[in-house]
Amino acid sequence: MVTFICIQLSFSYCHPQTRHFVDCRRVRLVAGSGGKGACSFHSEPRKEWGGPDGGNGGDGGSIIIKANRFVKSLAQVTPVYKAEDGQSGGNKNCYGRNGNSTYISVPVGTVVKEQGTTIMDLAKHGQEYLAVFGGAGGKGNRFFLSNENRAPLTATPGTAGQERVLQLELRTMAHAGLVGFPNAGKSSLLRAISNARPAVAAYPFTTLNPHVGIVEYRDHEQVAVADIPGIIRGAHLNRGLGISFLRHIERCRFLLFVLDLSAPEPWTQLQHLCYELDQYEPGLSQRPQAIVANKMDLPEAREKLETLKSQVTQRVIPISALTGQNTEELILHLRELYDGYFQDDGSEGVKPVRW
């Protein structure tokens, strides 16, 4: 018995007609079966021994998973897909029509898994994965004609199509990831530095789905920044929706740890965040990074800034996402991390920072 599970992450106050963001689907794929071969003999006046003329059946349709940059969620993916069967063969050596292939459009960044093992990473627009093959069409009795058997009565049925149960997981494609505990101000920060408009409010709440914003520079370079929903302690043990959020960080090339400086000891937030990342994937917290000291507009935050700098070795950028204070420094440093990544990766023509 197959259990179908989906995780739907959405804001509780979304419009009723809004399609919810879905980043995980379990789907059952059944390819089309081949058509039956025909058993018939040619018959016309004054031609008594026309011979066998049964045609072959058509092949069943396959199912193909295709990455599409215009698709942003797995919400449109249904639990079961059944491809078209091939048509049966006919007399007069007529072959059955092949079944049409079924395409499943998924967002760029979708990972295909089977029993927990990754089998395909659809990281580029237009990339395809042939998930299940259609069954071969059966042979008509014309196929079995030989010198030894001039009137074959044999015709074979088509073979059944392949069947699989796969897991589809969407991982956000972004250069930088904003990592922090709930209510650290990540959504406000993303609104302040990019064109993204995640929901923010004057009361504490947690973003339930990742947002990606684009930071544009004067040389037309673009850096994608992902607002990873708040991580709680024990997220690597899948507490809350921990693993659902942590997997979005895997693709980020560098990290921005957003700390709430209004908290009693904000430097301990960094220790807990690094622990959760390393427990999920060893070494994940060691990627190029910076610390964003948020909520500097509050009086108690200014007192803790120097203590934070003395506790950590990473670069600390004090900002206020609410007022926009010092966001220029963060945007410039974000570009430095971006250029440094491609320079280390062997890319040519790294452009100077201009904002």
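Everything that follows concerns the structure shown earlier in this document.
So, here is what we can say about the structure in this document. A quick note: this is a predicted structure, and the numbers were derived from the prediction, not measured.

1. Regarding the overall build of the protein chain
Next up, step 1: For the protein chain, the helix and strand inventory stands at five helices and 15 strands.
Next up, step 2: Across the 355 residues in the protein chain, those meeting the buried criterion constitute 46%.
Next up, step 3: Within the protein chain, residue pairs in contact and separated by at least 24 positions form 71% of the contacts whose partners lie at least 6 positions apart.
Next up, step 4: Within the structure as shown, the protein chain displays about 18,000 Å² of accessible surface, and the carbon and sulfur contribution to it stands at 50%.

2. A word on the environment of His 211
Next up, step 1: Mapped onto the fold, His 211 is located in strand 11 (residues 211-216).
Next up, step 2: With a relative accessible area of 19%, His 211 lands in the buried category.
Next up, step 3: Spatially, the C-alpha atoms of His 211 and Leu 190 are 8.6 Å apart, while their sequence positions differ by 21 residues.

3. Thoughts on unusual backbone geometry
Next up, step 1: Even without being glycine, Lys 92 reaches a positive phi, approximately 60°.
Next up, step 2: Since its relative accessible area comes to 62%, Lys 92 is described here as exposed.
Next up, step 3: The backbone phi angle of Asn 326 is positive, close to 65°, even though this residue is not glycine.
Next up, step 4: One can find Asn 326 in the loop between strand 15 (316-318) and helix 5 (327-344).

4. A few points about the packing of aromatic side chains
Next up, step 1: One pass over the structure, following the stated rule, counts one aromatic pair.
Next up, step 2: Ring centres 5.2 Å apart and planes at 90° place the aromatic pair Phe 143 and Phe 144 in the edge-to-face group.
Next up, step 3: Take Phe 143: its relative accessible area is 48%, and that puts it in the partly exposed class.
Next up, step 4: The ring of Phe 143 has Lys 139 sitting right over it, with the charged end atom 5.0 Å from the ring centre.
Next up, step 5: Its end group placed over the ring of Tyr 217, Arg 335 keeps NZ or CZ at 5.0 Å from the ring centre.

5. Section: the sheet that holds strand 14 (residues 289-294)
Next up, step 1: Strand order in the open sheet made by the six strands is 11-12-10-13-14-15, with mixed pairing throughout. The outermost strands of the open sheet, each flanked by one partner alone, are strand 11 and strand 15. Put simply, the sheet's adjacent strands are angled 25° from each other on average, direction ignored.
Next up, step 2: Two elements, strand 10 (residues 176-179) and strand 12 (residues 222-227), share three bridges in a ladder whose sense is parallel. Across the sheet, Gly 177 pairs through a bridge with Ala 226, a residue of strand 12.

6. Looking at the sheet that holds strand 3 (residues 63-67)
Next up, step 1: The mixed open sheet is built from three strands, whose spatial order is 5-3-8. Every other strand in the sheet has two partners, leaving strand 5 (102-106) and strand 8 (128-132) as the edge strands with one partner each. With strand direction ignored, the average angle separating the axes of adjacent strands in the sheet is 25°.
Next up, step 2: Where strand 3 lies against strand 8, four bridges are found, and the strand directions are antiparallel. The residue of strand 8 that forms the bridge with Ile 64 is Leu 130.

What counts and how
Residues numbered from 1 in each chain as written. Predicted model: local features only at pLDDT ≥ 70, side-chain atom pairs only at ≥ 80, totals over all residues. Heavy atoms only, no water. Helix = DSSP H or I, 4+ residues; strand = E, 2+ residues; numbered from the N terminus. Buried < 20%, exposed > 50% of the residue type's maximum accessible area, 1.4 Å probe, protein only. Contact = heavy atoms within 4.5 Å. Areas by Shrake-Rupley, 256 points an atom, 1.4 Å probe, with all protein chains shown as cover. Phe/Tyr/Trp six-rings, centres within 6.5 Å; stacked < 30°, edge-to-face > 60°. Lys NZ or Arg CZ within 6 Å of the ring centre and 35° of its normal. Pairing = 2+ DSSP bridges. Axes fitted to C-alpha atoms, helices over the stretch in contact; angles between N-to-C directions.

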